[in-house]
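# Chains, contacts and geometry: an overview
Listed here are the chains, written in short residue letters.
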Amino acid sequence: MKENLTISEMAKLRGMTTETLRHYDRIDLFKPQYVDPYSGYRYYSIFQYEILGTIKELRQIGMSTDEIKQYFDQRNFKKSLDILKAKHTELLSKLNELAELEENIREKIVFLGEVSREEELHEVRFREMKSRKLITLHEKINSNLELCYGVIRLESMLTEKAPILASNRLGIIIEEADLRANRFEEPSVIFVVAKNKAIIQKQHLKIIPAGLFACIRYNGELLRNRSESLKKLSDYLQETGYRITGSALQIMQVDITITDNPNEIMFEIQVPVQKNSKPLPVR
């Protein structure tokens, strides 16, 4: 056993690289005990092992080199405890953020799996849906240019990570009056479906009540190519004894965030309905 160690020996002893020790020397975080003035060789004392070990562990818990410098500057019990508490609070915040991101990605995978199993387009289906909160600007979109700026404004209101990627949250509202009058290409208001925990300013909030929805999926563009599907859905509702009870939602199912193949772009139109006297025929 010897007291003085070369940089290679100290690095090996502490399980780090010589370049790391050189970097610590350059930034005045951990300097060798002695540097030979003629050869420039660095020599560390074995008695420095504890300081280097502390630096290594502080790096492991996520401290930057600047934070570690602050940790070693005039250390005392209270200061060290306060620094560790602050780092713990920071780590808890990151853990919560990662947990939310994991939940978000898991939901996207489940949703895309459901979409991949949905084989038939242009078929009317009935689904019971829960109440939903929409975030909207209450401004009608007249062009793709306005759509781009509108979506950016909506996204800026969302606080979660990756809210739009691979999701069925972005869409437009087709007014009930336009549905009844067969005005299927009228300008529409865009929206984003809010998360349940989201806090929304009253002027941007729209509630979609729970209920029965007639749904149809199609390929095309958000502001075009929907007339055929809406006409088919409207005719089907008349034939089967259903009436429209509110404005419809046209929601992106597959968009350019996950495919550059225009044939894979998909939307779903959801129209709130109520059964009249005739029973729904078996299909």
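Refer to the structure above for everything that follows.
Summarised in this report is the structure supplied together with it. Nothing here was measured: the structure is a model prediction, and the numbers come from that model.

In this section: the overall build of the protein chain. A tally of helices and strands in the protein chain yields eight helices and 12 strands. With the C-alpha coordinates of the protein chain rotated into their principal frame, the extents come out at 95 × 40 × 40 Å. Here the protein chain holds 283 residues, and 38% of them are scored as buried. Considering only intrachain contacts with a sequence separation of at least 6, the fraction spanning at least 24 residues in the protein chain is 71%. Within the structure as shown, the protein chain displays about 17600 Å² of accessible surface, and the carbon and sulfur contribution to it stands at 53%. When the 43 basic and 41 acidic side-chain charges of the protein chain are each reduced to a single mean position, those positions are 4 Å apart.

Here we take up the side chain of N104. One can find N104 in helix α5 (residues 77–117). We classify N104 as buried; its relative accessible area is 7%. If we ignore the near neighbours within four places in the chain, the residues touching N104 are E160, K161, A162, P163 and K195.

A word on the nonpolar core. Residues L154, L179, I190, L233, L237, I269 and V271 are the most contacted members of the largest nonpolar core, which totals 34 residues. Aside from chain neighbours lying at most four places away, what touches I269 is A214, C215, I216, Y218, R226, S229, L230, A248, L249 and Q250. With 17 residues, the next largest nonpolar core counts L5, Y44, L58 and Y71 among its residues.

To continue, consider a nonpolar patch on the surface. Judged by side-chain polarity, I61, L84 and L91 come together as a nonpolar surface patch covering roughly 200 Å² of accessible area. By the secondary structure assignment, L91 is in helix α5.

Looking now at helix α3 (residues 49–60). A rise of 1.5 Å per residue sets the reference length of α3, with its 12 residues, at 16 Å; its end C-alpha atoms lie 16 Å apart and thus fit the reference within 8%. Those residues of α3 that sit buried are L52, G53, I55 and L58. Against α1 (7–14), α2 (18–26) and α4 (65–72) lie the buried residues of α3. Phi for G62, located one or two positions after α3, is positive at around 100°.

Within strand β6 (residues 170–174), five of the five residues are buried, leaving the element largely enclosed by the surrounding structure. Pairing geometry for β6 and strand β7 (residues 188–193), over four bridges, is antiparallel. Looking across to β7, one finds that G171 is bridged to F191. Here β6 runs beside strand β11 (residues 248–254); their pairing, made up of four bridges, is antiparallel. Bridge pairing in β11 links I174 to A248.

With that settled, the discussion passes to the sheet that holds strand β2 (residues 34–35). Within the open sheet, the three strands sit side by side as β1-β3-β2. Their pairing is antiparallel. Single-partner strands in this sheet number two, and they are β1 (4–6) and β2.

Another aspect to go through is the packing of aromatic side chains. The final tally for this structure, using the stated rule, is six aromatic pairs. Centroid distance F126 to Y236: 6.2 Å. Interplanar angle 40°. Geometry classified as tilted. In this pair, F126 sits in strand β4 (residues 125–129) while Y236 sits in helix α8 (residues 227–240), placing the two residues 110 residues apart along the sequence. Accessibility expressed as a relative area gives 22% for F126, which makes it partly exposed. Taken together, the aromatic side chains of F126, Y236 and Y242 make up a single cluster linked through ring pairs.

Let us look at the environment of R169. Here R169 is to be found in the loop between α6 (144–155) and β6. Residues R169 and L134 lie 35 residues apart in sequence; the distance between their C-alpha atoms is 9.0 Å. The contacts of R169, once residues within four sequence positions are left out, are L158, E160, P163, F191, V192, V193, A194, K195, I251 and M252.

Another aspect to go through is α5. Compared with an ideal rise of 1.5 Å per residue, which puts 41 residues at 60 Å, α5 spans 60 Å between its outermost C-alpha atoms and is within 8% of the ideal. Looking at the buried side of α5, the elements it contacts are α4, β9 (211–219), β11 and β12 (266–275). By the N-cap criterion, in which a side-chain oxygen at the helix start approaches the backbone nitrogen of a residue two or three places on, α5 is capped by N76, the distance to K78 being 3.2 Å.

Attention now moves to unusual backbone geometry. Positioned with a positive phi, Q74 is a non-glycine residue whose angle comes to about 50°. Assignment of secondary structure puts Q74 in the loop between α4 and α5. For Q74, a relative accessible area of 68% corresponds to the exposed category. Backbone geometry at A162 places phi at a positive 45°, although glycine is not the residue there. Tracing the backbone through its elements, the reader meets A162 in the loop between α6 and β6. Its relative accessible area of 35% is what places A162 among the partly exposed residues.

Reading the values: the criteria
Along each chain, the written sequence defines residue order, and numbers are assigned to residues from 1. Reporting of local features is limited, given that this is a predicted model, to residues whose pLDDT is at least 70; pairs of side-chain atoms are given and counted only at 80 or more, and all residues count toward the totals for whole chains, interfaces and linings. The side-chain numbers reported here are obtained from all heavy atoms of the structure, hydrogens and water having been left aside. Only DSSP runs of H or I with at least four residues qualify as helices, and only runs of E with at least two residues qualify as strands; both kinds are numbered from the N terminus onward. Three labels apply to residues, based on accessible area from a 1.4 Å probe with only protein chains included: buried if under 20% of the type maximum, exposed if over 50%, partly exposed otherwise in between. Any pair of residues with heavy atoms lying within 4.5 Å of one another is described as a contacting pair. Only the protein chains shown count as cover for residues, and the accessible areas themselves come from Shrake-Rupley with a 1.4 Å probe. Asp and Glu are treated as the negative residues and Lys and Arg as the positive ones, with His and the ends of the chain left uncounted. By convention, charge coordinates are those of NZ in Lys, CZ in Arg, CG in Asp, or CD in Glu. Here, the term nonpolar core denotes a set of buried Ala, Val, Leu, Ile, Met, Phe, Trp, Tyr and Cys residues that are joined through side-chain atoms within 4.5 Å. Within the patch definition used here, like charges are joined within 9 Å and nonpolar side chains (Val, Leu, Ile, Met, Phe, Trp, Tyr) within 5 Å, considering only residues with over 30% relative accessible area and no salt bridge. Between Lys or Arg on one side and Asp or Glu on the other, a salt bridge is scored when a side-chain nitrogen of the former is within 4 Å of a carboxyl oxygen of the latter. Given the number of residues in a helix, its expected span is that number minus one, multiplied by 1.5 Å. A pair of strands is labelled paired if DSSP reports no fewer than 2 bridges between them. Stacked, tilted and edge-to-face are the three classes applied to pairs of Phe, Tyr and Trp rings, where Trp contributes its six-membered ring and a pair requires centres within 6.5 Å; stacked means planes under 30 degrees apart, edge-to-face means over 60, and tilted covers the rest. Nitrogen and oxygen atoms within 3.5 Å of one another constitute a polar contact, given that in protein one can donate a hydrogen and the other can accept it, and given that sequence-neighbouring residues count only through two side-chain atoms.

Spatial relationships are all this shows, so hold off on functional conclusions.
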